[in-house]
Amino acid sequence: MSKNNMKEEISCCCHDNQTIFLDKAIKQLGLNTDQKQLLLHSFREISVQIPLKVGGGEITHTFTGYRVQHNHARGPFKGGLRYHPDVQIDEIRALAQLMTWKTALVDIPFGGAKGGISVDPSLLSIEELETLTRRFVQKMEPVLGVNEDIPAPDVNTNPQVMAWFFDEYSKTNGSVPGIVTGKPIELGGLKGRLEATGYGVAYITSLALEQINIPLKGAKVVIQGFGNVGSYAALRLQAMGASIVGISDKDGGLFDAEGIDIKAAAQFAQKTGGLKGFFEGKLISNVALLALPCDVLIPAALEGTVHCDTEADVKAKLIIEAANMPITHMADDKLRKRGVTIVPDILANAGGVIASYFEWVQNIQRFEWQRSVVQERMEEHLSRAYKDVVALAKETDVDLRTAAYQVSVSRVLRAIELRGF
Ligand code: NAD
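Residues numbered from 1 in each chain as written. Predicted model: local features only at pLDDT ≥ 70, side-chain atom pairs only at ≥ 80, totals over all residues. Heavy atoms only, no water.

Asks: Where do I start with the domain arrangement of the protein chain in this structure?
Replies: Size of an interface: often given as the accessible area lost when the parts come together. Parsing the protein chain into structural domains produces domain 1 (17-176) and domain 2 (194-343). If you average the C-alpha positions of domain 1 and of domain 2, the two centres end up 26 Å apart. Contacts between the two partners involve 16 residues from domain 1, matched on the other side by 11 residues from domain 2. Taking both sides of the interface into account, the surface hidden between domain 1 and domain 2 amounts to around 970 Å²; carbon and sulfur atoms contribute 56%. On the domain 1 side of the contact with domain 2, Asn 17, Ile 20 and Phe 21 bury the most area, a combined 36% of that side's loss. For the interface between domain 1 and domain 2, the tally reads one salt bridge. Salt-bridge contacts for Glu 303 lead to Arg 82; the nearest nitrogen and oxygen are separated by 2.8 Å. Taken together, domain 1 and domain 2 are joined by four residue pairs in polar contact (both at pLDDT 80 or more). Mapped by element, the contributors of at least two residues to the side of domain 1 that touches domain 2 are helix H1 (3-29), strand S3 (77-84) and helix H3 (89-105). Taken together, the residues of the side of domain 1 that touches domain 2 sort by class into seven nonpolar, three polar and six charged. (Domains from an automatic or database assignment. Contact = heavy atoms within 4.5 Å. Buried area = accessible area lost by both parts, 1.4 Å probe. Salt bridge = Lys/Arg side-chain N within 4 Å of Asp/Glu carboxyl O. Polar contact = N/O pair within 3.5 Å; in protein donor to acceptor, adjacent residues only side chain to side chain. Helix = DSSP H or I, 4+ residues; strand = E, 2+ residues; numbered from the N terminus. Nonpolar A, V, L, I, M, F, W, Y, C, P; charged D, E, K, R; others polar.)

Following this line, the structure appears as structure tokens:
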């Protein structure tokens, strides 16, 4: 495939993937065009301009921020906030819709939303990042609310960003910790939220491996992306007995057939901000990482990293979509035809939003949750959703993604009908 076609496939991937995956479920469920329109379109899409003096006050740059609220039939809008130079409206729209299906699948009382700012945060000072975040909150404030729309961390945002968010919102609304989730524990954050998405990915991996009769102990796992989700998934899977033979971040990957010391890698990445310079193992490119011999591949970086040019080299029998939309629909088709089992994002990485739900409940109740309860209840939600999906996939003879979408779409549609939207 030419470079241009590949770029097109990846950039189309967000909006097209959503429509194509949704269409399959709609067909299975026998829904009509009017019902499809209700499910497809966003409730509200907002973009804001944020001027900011950067480079020590020398230059004023105007950044664009977005919030897309897709559907709130089942509860307030819920979804992360990402800071990345590639952020644009189509991507945020697709990710917002994905959140609607995710919250419905794991049966928590939220709808779906997503936000982002088109910015490379590594080029800003900490003070600039704080001002940018606070101005974003000021401009979005009218559409946010603890019963309206509750953001959370995503790519390149973290508990500190959520703390600024909470503080800025609280200046005009009183102290409202439930306005965002993923906060530091000292400000009403939930014990176990930071690691919840990665731990949930590990738990789902264990269920899926059992399903395809591969023992978790000794299973060879490759993980692309070593941020919040990838690193905690790796730590947990290693603790559960899996062998993590490949890891990577935006600067490249590492391979060690004997298994990488993930604790050491995580400590190194936390200190330095990435894996660059962590010398253990063999250095490889991110493309080569996808082709490593392994049982499980866990893409935990960005959208569209597994596409038509990389799909053919994938040797894993199981792919767990820890990132949102990491596989283009074309690659998805080919992988499934080759017999690769794919656990879709809306199931695989839902541990984070489940823990966010517990944090929101904790903030509303002003009553602290214990870490062990968080983990146990998160696994209960994931296990129920996993069983629902596997049972429906068997019953209707479809892949796991189509089954997952069917479960979600039916629940959202029922709420829409009951409320009379
Ligand atoms: P993060 O910013 O903490 O980490 C992203 C990681 O991916 C970093 O290690 C970065 O270096 C790496 N990366 C970026 N581009 C890459 C590339 N081209 N190749 C390889 N690695 C690359 O982000 P995160 O919070 O871990 O999110 C990762 C994915 O998981 C995203 O798709 C996000 O939407 C999804 N997700 C996150 C959460 C959450 O709670 N944080 C919840 C659900 C889904």
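After presenting the structure, the write-up continues.
Asks: What is the right way to read the pairing of strand S5 (residues 149-153) from this model?
Replies: The side chains of a regular strand alternate between the sheet's two faces. Among the five residues of S5, four are classified as buried, and the element is accordingly described as predominantly covered. Across five bridges, S3 lies against S5 in parallel orientation. Of the residues in S5, the one forming a bridge with Gly 80 is Ala 152. (Buried < 20%, exposed > 50% of the residue type's maximum accessible area, 1.4 Å probe, protein only. Pairing = 2+ DSSP bridges.)

Asks: What exactly am I supposed to notice about the nonpolar core here?
Replies: If you look at soluble globular proteins, the nonpolar side chains tend to sit buried side by side. In this structure, Leu 39, Ile 204, Phe 226, Ile 247, Ile 298, Ile 320 and Val 343 are the most contacted members of the largest nonpolar core, which totals 91 residues. If one sorts the elements of this core by residue count, helix H15 (residues 400-419) sits on top with 10 residues. If you count residues domain by domain, this core takes at least three from each of domain 1 (17-176) and domain 2 (194-343). Other than its neighbours up to four places away in sequence, Ile 204 contacts Ile 320, Val 343, Leu 347, Ala 348, Leu 382 and Tyr 386. One finds Leu 52, Val 54, Met 162 and Trp 164 within the second-largest nonpolar core, a separate group that totals 27 residues. (Core = buried A, V, L, I, M, F, W, Y, C linked by side-chain atoms within 4.5 Å.)

Asks: Sorry, what's going on with the sheet that holds strand S10 (residues 296-299) here?
Replies: Two modes of strand pairing occur in sheets, parallel and antiparallel, and in both the strands are linked by backbone hydrogen bonds. Sheet architecture is open: seven strands sit in the order S9-S8-S7-S6-S10-S11-S12, paired in mixed fashion. The sheet is open, and its two edges are formed by strand S9 (282-284) and strand S12 (341-343), each paired on a single side. When the angles between neighbouring strand axes are averaged without regard to direction, this sheet yields 20°. Note: strand S6 (residues 220-224) against S10, four bridges, orientation parallel. Counterpart to Ile 223 in the pairing with S10 is Ile 298. Running over the sheet, helix H7 (residues 228-239) touches S6, strand S7 (243-249) and S10 and is turned about 165° from S6. (Axes fitted to C-alpha atoms, helices over the stretch in contact; angles between N-to-C directions.)

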